[in-house]
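Here are the chains, one letter per residue:
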Amino acid sequence: MNQANPLHARKSGILLHPTSLPSEVGFGDLGPRAFEFVDLLASSGQSWWQMLPVCPTDETGSPYVSSSTFAGNPLLISLDRLAEDGLLSARDMEGRSPDEGDIEPARALESHESLLAEAFEAFSNEGGSNDAAFTAFCEAQGGWLADYARFCAFKRAFGGSAWWEWPDDARHKDPDGPEFEKNIRYTQFEQFVFDRQWRALKNYAAGNGVGLIGDVPIYVAHDSADVWARTHLFELDGSRRPSTYAGAPPDYFNEEGQHWGNPLYDWAAHLDENFAWWKMRLAVNVTRFDALRLDHFIGFARFWAIPAGAESPKDGAWREGPGEAFFSALEEELGYLPLIAEDLGSVGDDVHALRDRFGLPSMRVLQFAFDGSPDNPHLPHNIPENAVVYTGTHDNDTALGWFHGADPILRNETPAGFAISRATALRTFGGEPEDIHWSMIRAAMKSQAALAIIPAQDVLGLGNEGRMNRPGVPEGNWVWKMQEGAWNGEIQGRLLNMTQRSGRATE
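Residues numbered from 1 in each chain as written. Predicted model: local features only at pLDDT ≥ 70, side-chain atom pairs only at ≥ 80, totals over all residues. Heavy atoms only, no water.

*Asks:* Tell me about the overall build of the protein, and please be specific about residues and values.
*Replies:* Scanning the protein for helices and strands turns up 18 helices and 12 strands. Whereas a compact globule of 507 residues would reach a radius of gyration of roughly 23 Å, the protein reaches 23 Å, a difference of no more than 12%. Overall, the C-alpha framework of the protein stretches about 70 × 55 × 45 Å when taken along its three principal axes. The 507 residues of the protein split such that 55% are buried. The contacts of the protein with a sequence gap of at least 6 include a subset with a gap of at least 24, amounting to 73%. Surface exposure of the protein reaches about 21400 Å², of which carbon and sulfur atoms provide 48%. (Helix = DSSP H or I, 4+ residues; strand = E, 2+ residues; numbered from the N terminus. Rg over C-alpha atoms; globule rule 2.2 N^0.38 Å. Buried < 20%, exposed > 50% of the residue type's maximum accessible area, 1.4 Å probe, protein only. Contact = heavy atoms within 4.5 Å. Areas by Shrake-Rupley, 256 points an atom, 1.4 Å probe, with all protein chains shown as cover.)

In structure tokens form, the structure reads like this:
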């Protein structure tokens with residue numbers, strides 16, 4: 001199948017996770033505010049809405065630690081839409097607590113799922129389990145949904161314990177009784193409703209000239225349906241725990257390296273199956289999104305393997321990744337690869353060669369441009385056309401927080417180095433210190449990069465109170481929400497003007 005890659009057109013977009021949409025209760029979802037945000041994007045000349053992974057999160061709300069890389073996050077299901085569908089009553093909806101600011105993800109999900117359970121009862125009582133659309137969905141997604149639904153049912157049956165603590169025969173023998181089957185149908189219902197609401201949003205966005213960009217983390221959580229259902233595809237020991245872990249070697253920021261806790265893939269086993277699991281994973285995601293950010297691209301060329309008994313991540317070693325065979329297999333399946341290669345950091349020529357062999361755009365981040373080298377690839381004048389330029393990412397501070405913050409600007413740890421970097425940044429981007437975020441947005445828009453993506457917090461001019469994630473900090477992440485009316489007419493007009501003047505506006 002020959003198809004033009006949409007990432008090669010000169011466009012721009014906004015990075016905002018749906019949970020950050022304004023909401024009277026809990027986190028943002030796929031309800032009316034998501035459709036209103038599409039309208040804001042279109043009226044501001046934007047062609048893309050980029051998100052973080054939309055899979056279920058862990059108890060901290062991290063979308064990068066999930067029980068499934070295929071499933072949609074139940075927290076994103078709009079209860080308002082379920083009420084419109086007649087699956088929740090006005091009395092049910094009265095049980096929601098008013099939003100008093102940031103809500104703990106675990107508490108938000110608990111409250112949310114109590115109402116989803118009410119909707120499921122209504123769906124079941126109306127004969128929904130025999131509904132043709134529901135049946136067709138379960139059959140079409142059976143390659144992953146059947147395992148995920150059973151995994152969730154076992155989780156409930158065994159009190160939420162990790163799957164490797166379950167009885168040895170749990171994978172092959174379901175507990176007796178109707179409750180287990182009901183739990184399976186409940187999970188299928190959640191995913192059916194998520195899919196229906198998601199398709200409505202995607203179709204609306206497409207009708208307004210807005211494409212959706214998703215995010216595919218390279219590794220999966222050990223305590224996930226993905227590993228439980230296909231243990232042979234991962235490096236596990238006899239006790240079903242990882243024999244080697246994913247991570248990163250020591251670098252400027254981490255003298256000991258990084259230990260991520262994810263099991264490594266058994267790439268030989270994946271190759272034996274012609275990467276069938278990855279093909280299914282990407283097929284689900286390219287149906288859900290128009291393009292995808294492929295996290296930790298370096299890991300497909302080479303990856304850092306840490307033995308289970310290692311005292312430190314620095315005791316790991318590099319291993320060769322699946323490389324060209326992996327992407328060739330995906331290309332055969334998908335026809336073309338609408339992928340953004342997250343190639344940040346010191347990646348080396350082997351990573352660049354693999355990226356360029358398949359024509360994947362790289363990532364460039366303006367906050368990373370000031371290490372003092374004129375060859376820094378993140379400097380605006382060094383950014384090529386086949387790239388996606390960002391002012392910052394979800395792991396960075398906001399542009400204003402970065403420029404004015406107490407922490408030194410990247411790799412310049414002394415007060416003098418901080419002052420030099422800030423002066424260099426201001427000289428590079430122009431403008432005034434209090435307006436540096438708009439200067440950086442303008443630089444991104446004017447660059448040669450085919451695609452420019454701006455975090456919503458930078459468009460809104462927020463400081464570090466708008467930061468989404470602080471890597472290495474276990475609590476307080478993923479909870480930022482955009483305030484009602486923050487994206488006002490002045491911001492809309494200014495962004496539209498920049499987009500038009502840089503030749504990126506939607507016709």
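*Asks:* How would you sum up the packing of aromatic side chains? Please name residues and give values.
*Replies:* Following the criterion strictly, the structure yields 50 aromatic pairs and no others. Ring geometry for Phe37 against Trp487: centres 5.7 Å apart, planes inclined by 90°, an arrangement best described as edge-to-face. Within this pair, whereas Phe37 is found in helix 1 (residues 32-43), its partner Trp487 is found in the loop between helix 17 (456-459) and helix 18 (489-501), the two being separated by 450 residues in sequence. The buried category is assigned to Phe37, whose relative accessible area is 1%. (Phe/Tyr/Trp six-rings, centres within 6.5 Å; stacked < 30°, edge-to-face > 60°.)

*Asks:* Can you explain the packing of helix 10 (residues 276-288) against helix 12 (residues 323-334)? Please cite residues and give values.
*Replies:* In contact at an axis separation of 10 Å, helix 10 and helix 12 are set at 50° when each is read in the N-to-C sense. Comparing their axes, helix 12 and helix 10 come out oblique. Helix 10 and helix 12 meet at a crossing whose hand is right-handed. Here Trp278, Lys279, Leu282, Ala283 and Val286 of helix 10 come into contact with helix 12, specifically with Phe326, Ala329, Leu330, Glu333 and Leu334. (Axes fitted to C-alpha atoms, helices over the stretch in contact; angles between N-to-C directions. Parallel < 35°, antiparallel > 145°, perpendicular 65-115°, else oblique. Left-handed = near helix turned anticlockwise from the far one by under 90°.)

*Asks:* Lay out the sheet that holds strand 5 (residues 258-263) in plain terms, naming residues and giving numbers.
*Replies:* Ordered in space as 5-4-7-8, the four strands form an open sheet in which the pairing is antiparallel. Because the sheet does not close on itself, it has two edges, and the strands there are strand 5 and strand 8 (317-320). On average, each strand axis in the sheet is inclined to that of its neighbour by 50°, with strand direction left out of account. Pairing geometry for strand 4 (residues 244-248) and strand 7 (residues 302-307), over four bridges, is antiparallel. Of the residues in strand 7, the one forming a bridge with Thr244 is Pro307. (Pairing = 2+ DSSP bridges.)

*Asks:* I'd love a proper account of the nonpolar core, names of residues and values included.
*Replies:* Ranked by size, the top nonpolar core spans 146 residues in total, and within it Ile14, Trp49, Trp278, Phe300, Phe327 and Trp487 carry the most contacts. The biggest single contributor to this core is helix 7 (residues 178-207), with 10 residues. What Phe300 contacts, discounting residues up to four positions off in sequence, is Ile218, Trp267, Trp278, Leu294, Asp295, Gly321, Pro322, Gly323, Phe326, Phe327 and Leu354. (Core = buried A, V, L, I, M, F, W, Y, C linked by side-chain atoms within 4.5 Å.)

*Asks:* Quick one: what's the story with the pattern of salt bridges, residue by residue and with numbers?
*Replies:* For the structure on display, the rule yields 19 salt bridges. In this structure, the salt-bridge partner of Asp350 is Arg302, at a minimum N-O distance of 2.7 Å. Of this pair, Asp350 sits in helix 13 (residues 349-357) while Arg302 sits in strand 7, and the two are 48 residues apart along the sequence. What emerges from the salt-bridge pattern is a single network uniting Glu24, Arg33, Glu36 and Glu484. (Salt bridge = Lys/Arg side-chain N within 4 Å of Asp/Glu carboxyl O.)

*Asks:* Explain the layout of surface pockets residue by residue, including any values.
*Replies:* Of the volumes computed, that of the second largest pocket is approximately 1000 Å³. In terms of lining residues, the second largest pocket is bounded by 44 residues, among which Pro56, Thr57, Ser67, Leu109 and Glu113 are the most central. Elements with a minimum of two residues in the lining of the second largest pocket: helix 4 (105-125), helix 6 (142-157) and helix 7. Considering each element in turn, the lining of the second largest pocket owes the most residues, nine residues, to helix 4. Here the lining of the second largest pocket is built from residues that sort into 22 nonpolar, 11 polar and 11 charged. (1 Å grid on protein atoms, 1.4 Å probe; cavity = no way out; pocket = protein on both sides within 12 Å on 5 of 7 lines; lining within 4 Å. Points joined across faces, edges and corners; volume = space filled by probe spheres on them. Nonpolar A, V, L, I, M, F, W, Y, C, P; charged D, E, K, R; others polar.)

*Asks:* Tell me about the packing of helix 5 (residues 132-140) against helix 7, residues and numbers included.
*Replies:* With their axes 10 Å apart at the nearest point, helix 5 and helix 7 run at an angle of 100° to one another. In terms of their interaxial angle, helix 5 and helix 7 are classed as roughly perpendicular. Between helix 5 and helix 7, the residues in contact are Ala133, Phe134, Phe137 and Cys138 and Arg185, Gln188, Phe189, Gln191, Phe192 and Asp195, respectively. By residue class, the composition of the contact of helix 5 with helix 7 is six nonpolar, two polar and two charged.

*Asks:* Just give me the short version of the environment of Asn396, but keep the residues and values in it.
*Replies:* Relative to the helices and strands, Asn396 is located in the loop between strand 11 (387-390) and helix 14 (399-404). The class for Asn396 is buried, based on a relative accessible area of 13%. The spacing of Asn396 and Gln367 is 29 residues in sequence and 8.4 Å in space, taken between C-alpha atoms. Beyond its immediate sequence surroundings of up to four residues, Asn396 is in contact with Val365, Gln367, Phe368 and Arg467. A distance of 2.8 Å separates a polar atom in the side chain of Asn396 from the backbone nitrogen of Thr393. (Polar contact = N/O pair within 3.5 Å; in protein donor to acceptor, adjacent residues only side chain to side chain.)

*Asks:* Give a detailed account of empty space enclosed by the protein, specifying residues and quantitative values.
*Replies:* Counted by the stated rule, this structure contains five cavities of 30 Å³ or more. One number sums up the size of the largest cavity: a volume of about 160 Å³. As for the largest cavity, its lining consists of 18 residues, and the residues nearest its centre are Leu15, His394, Pro455, Gln457 and Met468. Taken together, the residues that form the lining of the largest cavity break down as seven nonpolar, eight polar and three charged.

*Asks:* Summarise the side chain of Lys279; cite the residues concerned and give the values.
*Replies:* Among the secondary structure elements, Lys279 is positioned in helix 10. When near neighbours in sequence (up to four residues on either side) are disregarded, Lys279 contacts Asn274, Ala329, Leu330 and Glu333.

*Asks:* Summarise the environment of Gln492; cite the residues concerned and give the values.
*Replies:* Position of Gln492 relative to the elements: it lies in helix 18. Taking the relative accessible area as the measure of exposure, Gln492 reaches 23% and is therefore partly exposed. With 32 residues separating them in the primary sequence, Gln492 and Leu460 have C-alpha atoms 9.9 Å apart.

Any functional reading would require information beyond the geometric quantities listed.
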